[in-house]
Protein chains: 2
Amino acid sequence: MTSSPVYLRVFEEIKEKINCSELKPGDILPPESALCKQYGASRATVRNGLALLFNEGYIYSIPGKGNFVQSPQSNKYTVYYDEMSNMISSVDDTKLLEVDIISPEEYLANLLQMSKSKNVILIRRLFFNDGEPIAYDVKYLPYVKGMPIVEKEIEQATLPEMLSKDISPFAIKRHIRIQAQIPNEEMKKQLRIKEHLALLVVEQKLFDNDNKPIGYGITYFNGDYIKLEGRSQ
Amino acid sequence: MTSSPVYLRVFEEIKEKINCSELKPGDILPPESALCKQYGASRATVRNGLALLFNEGYIYSIPGKGNFVQSPQSNKYTVYYDEMSNMISSVDDTKLLEVDIISPEEYLANLLQMSKSKNVILIRRLFFNDGEPIAYDVKYLPYVKGMPIVEKEIEQATLPEMLSKDISPFAIKRHIRIQAQIPNEEMKKQLRIKEHLALLVVEQKLFDNDNKPIGYGITYFNGDYIKLEGRSQ
DNA sequence: CAGTGGTCTAGACCACAGC
DNA sequence: CTGTGGTCTAGACCACTGC
């Protein structure tokens, strides 16, 4: 016999009613007072169950009116991405092509929302799997005085990791942009591509809590070596 | 003057301590009883604030031990994808190339985890933007007796929408897989591609609550017309 | 054993919806 | 005005941890 907590029963039974369309998007739930009677529970317990429904996107509430069934977002996915490990083959070796401090050109200064008079750290790398080059990677970090640039640490680091010494990882907001491109001659050479092949290009942009850009990266994956996956919830 | 609820202050002040590394991953929080004293609040109020921290991935708890700071997942992104609307250009017109009921071949029966003796609905479409073909789209749905196939409704529907009449959208689990490919001759013809160009290929797989596949779709986007975006949180 | 978080109760007062 | 959800209190008992 399973005797789960009351608040879990509230959660699961209402969830089931929504799943089987007994309750439809926009419908109002019974008032919390009614649910208290129905489950013979206190209001705190009922609200505990409703909180779970809210967290999983099943309901929302309007103060003074009631709790309502949410319209499902059937276009929302959770994707796990980091340039070092992906679906088909993870990176088992890297090669530092270049580490430099440069003056940003117009487009880069714009991208990082910084003055052109400040400096930027440039990092270019190649990623390998089983001896094959599978990705070409470029990063730009606004240079901050005293920023520790240790080549050994840069070699294997993801973009968030490169910044984790200056800023708590919790305080970093991240964007990615995914697209498909044809390699240019430089890419073909670096990635040793002979035939026609597509690249999966992933841009990363990192921001601090004030939405100031603190890093930009672009990774060009040989299309044969990467698939990104996502799931609902 | 802002006088936010006590539980929000608990949430924000602890979040800030984590963001500025005063509390590091693995660190233990003060016991709830101590937080009650610190904020002059009841345990329910403190736990309300801790629940928010938990929901946003800042902390986890071990019964009998305490609440701990979570290691941040700096590789998790939320992506909004649906085959009809994407970053660069949305679909403003569609063309139904084929709607058919077919016997699945080996690979398809496997993909949909169904018997080869059952039937599958096949839907092939072209998506247009401003008169240009931007995507080629194929869907497979296991045929269920009495399934309503109304061409007018199929034309503009996303994969989840096609199934929403049989199953509540809440009860559908979704997977996507994203990759880059070179178009074959058929694709080039359909999408009127002349030069070299990359395709962004997005597979969708839908499951019911018992993890039984209920639909598969694959969409080949002209790489010039699509960018997918994701953000942390 | 004492201390922790997990669950739960039976109240309370508030701001806000709608009549 | 009554009814709703939002916030909050001051308790309680439990299972679990670590000593």
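Everything numeric here is computed off the predicted structure, so don't read it as measured data.

(A) The pairing of strand E8 (residues 199–207) of chain B, seen in detail. Residues and elements named next belong to chain B. Most of E8 is tucked away, with eight of its nine residues classed as buried. One ladder, built from nine bridges, connects strand E7 (residues 173–181) with E8; its direction is antiparallel. Within E8, the residue paired with Ile 176 across the bridge is Gln 204. Note: E8 against strand E9 (residues 213–222), nine bridges, orientation antiparallel. Residue pairing across strands places Glu 203 opposite Ile 218, the latter belonging to E9.

(B) Representation of the nonpolar core within the structure. In this structure, Leu 200 of chain A together with Leu 200 of chain B are the most contacted members of the largest nonpolar core, which totals 34 residues. When contributions to this core are tallied by element, the ones reaching two or more residues are strand E3 (76–80), strand E6 (132–142), strand E7 (173–181) and strand E8 (199–207) of chain A together with strand E3 (76–80), strand E6 (132–142), E7 and E8 of chain B.

(C) Quick peek at the protein's contact with DNA strand C. Around DNA strand C, the structure places 24 residues, and the nearest of them are Val 6, Tyr 7 and Ser 42 of chain A together with Arg 43 and Arg 47 of chain B. Among all atoms of DNA strand C positioned within 4 Å of the protein, those belonging to sugar or phosphate total 71%. Within the contact set of DNA strand C, a phosphate oxygen lies 2.8 Å away from a side-chain nitrogen or oxygen of Thr 45 of chain A. The separation between a phosphate oxygen of DNA strand C and a polar side-chain atom of Ser 61 of chain B is 2.8 Å. The set of elements that each furnish at least two residues to the surface near DNA strand C consists of helix H1 (6–19) and helix H3 (43–55) of chain A together with helix H2 (32–39), helix H3 (43–55), strand E1 (59–62) and strand E2 (66–69) of chain B. The biggest single contributor to the surface near DNA strand C is H3 of chain A, with three residues. Here the residues of the surface near DNA strand C are counted per class, giving nine nonpolar, nine polar and six charged.

(D) Just helix H2 (residues 32–39) of chain A, in detail. Residues and elements named next belong to chain A. Every buried residue belonging to H2 is among Glu 32, Leu 35, Cys 36 and Tyr 39, and all of these are buried. Seen end-on, H2 carries its buried residues on one side only, within an arc spanning 105°. Buried positions along H2 lie against H1, H3 and strand E2 (66–69). Directly beyond the C-terminal end of H2, a positive phi value near 60° is found at Gly 40.

(E) Region of the structure containing the relation of the copies chain A and chain B. For the pair chain A and chain B, the superposition axis carries a translation of 0.0 Å, the fit reaches an RMSD of 0.1 Å, and the rotation angle comes to 180°. Both chain copies can therefore be described as sitting about a two-fold axis. Across chain A, the smallest distance between a C-alpha and the rotation axis is recorded for Thr 78 of chain A, namely 2.3 Å. Residue by residue, 98% of the interface of chain A is reproduced at the interface of chain B, so both copies engage with the same surface.

(F) Main features of the pattern of salt bridges. For the structure on display, the rule yields 18 salt bridges over all chains. Between Arg 177 of chain A and Glu 229 of chain B there is a salt bridge, and its shortest N-O distance comes to 3.1 Å. Remark: Glu 229 of chain B occurs in strand E10 (residues 228–231) and Arg 177 of chain A occurs in strand E7; the pair is interchain, linking two chains. Arg 177 of chain A gets classed as partly exposed once you look at its relative accessible area, which sits at 28%. Asp 137 of chain B is paired through a salt bridge with Lys 139 of chain B; the nearest N and O atoms lie 2.8 Å apart. The network of salt bridges with shared partners includes Glu 83, Arg 125, Asp 137 and Lys 139 of chain A.

(G) Quick look at the interface of chain A and chain B. Opposite the 54 residues of chain A that make contact, chain B presents 53 residues. Looking only at chain A, the three residues that lose the most surface to chain B are Tyr 77, Phe 170 and Arg 174 of chain A, adding up to 19% of its buried area. Across the contact surface, chain A and chain B share two salt bridges. There are 28 residue pairs in polar contact (both at pLDDT 80 or more) connecting chain A and chain B. Looking at the side of chain A that touches chain B, the elements with two or more residues in it are H1, E3, E7, E8 and strand E10 (228–231) of chain A. No other element matches E7 of chain A, which puts nine residues into the side of chain A that touches chain B. Bridge count between E3 of chain A and E3 of chain B: five bridges; the pairing is antiparallel. Counted as the bridge partner of Lys 76 of chain A is Tyr 80 of chain B from E3 of chain B.

(H) Structural context of the protein's contact with DNA strand D. Lining the immediate environment of DNA strand D, one finds 24 residues, of which Arg 43 and Arg 47 of chain A together with Val 6, Tyr 7 and Ser 42 of chain B sit closest. Of all atoms in DNA strand D that approach within 4 Å of the protein, 71% are sugar or phosphate atoms. A distance of 3.3 Å separates a base nitrogen of DNA strand D from a polar backbone atom of Gly 64 of chain A. A distance of 2.7 Å is found between a phosphate oxygen of DNA strand D and a backbone nitrogen or oxygen belonging to Ser 42 of chain B. Counting only elements with at least two residues in the surface near DNA strand D, the list comes to H2, H3, strand E1 (59–62) and E2 of chain A together with helix H1 (6–19) and H3 of chain B. Per-element tally for the surface near DNA strand D: the top contributor is H3 of chain B, with three residues. Of the residues contributing to the surface near DNA strand D, the split by class is nine nonpolar, nine polar and six charged.

The rules behind these values
Residues numbered from 1 in each chain as written. Chains lettered and ligands numbered in written order. Predicted model: local features only at pLDDT ≥ 70, side-chain atom pairs only at ≥ 80, totals over all residues. Heavy atoms only, no water. Buried < 20%, exposed > 50% of the residue type's maximum accessible area, 1.4 Å probe, protein only. Helix = DSSP H or I, 4+ residues; strand = E, 2+ residues; numbered from the N terminus. Pairing = 2+ DSSP bridges. Core = buried A, V, L, I, M, F, W, Y, C linked by side-chain atoms within 4.5 Å. Near = heavy atom within 4 Å. Polar contact = N/O pair within 3.5 Å; in protein donor to acceptor, adjacent residues only side chain to side chain. Nonpolar A, V, L, I, M, F, W, Y, C, P; charged D, E, K, R; others polar. Arc of directions from axis to C-beta. Contact = heavy atoms within 4.5 Å. Least-squares fit on C-alpha atoms with pLDDT ≥ 70 in both. Salt bridge = Lys/Arg side-chain N within 4 Å of Asp/Glu carboxyl O. Buried area = accessible area lost by both parts, 1.4 Å probe.

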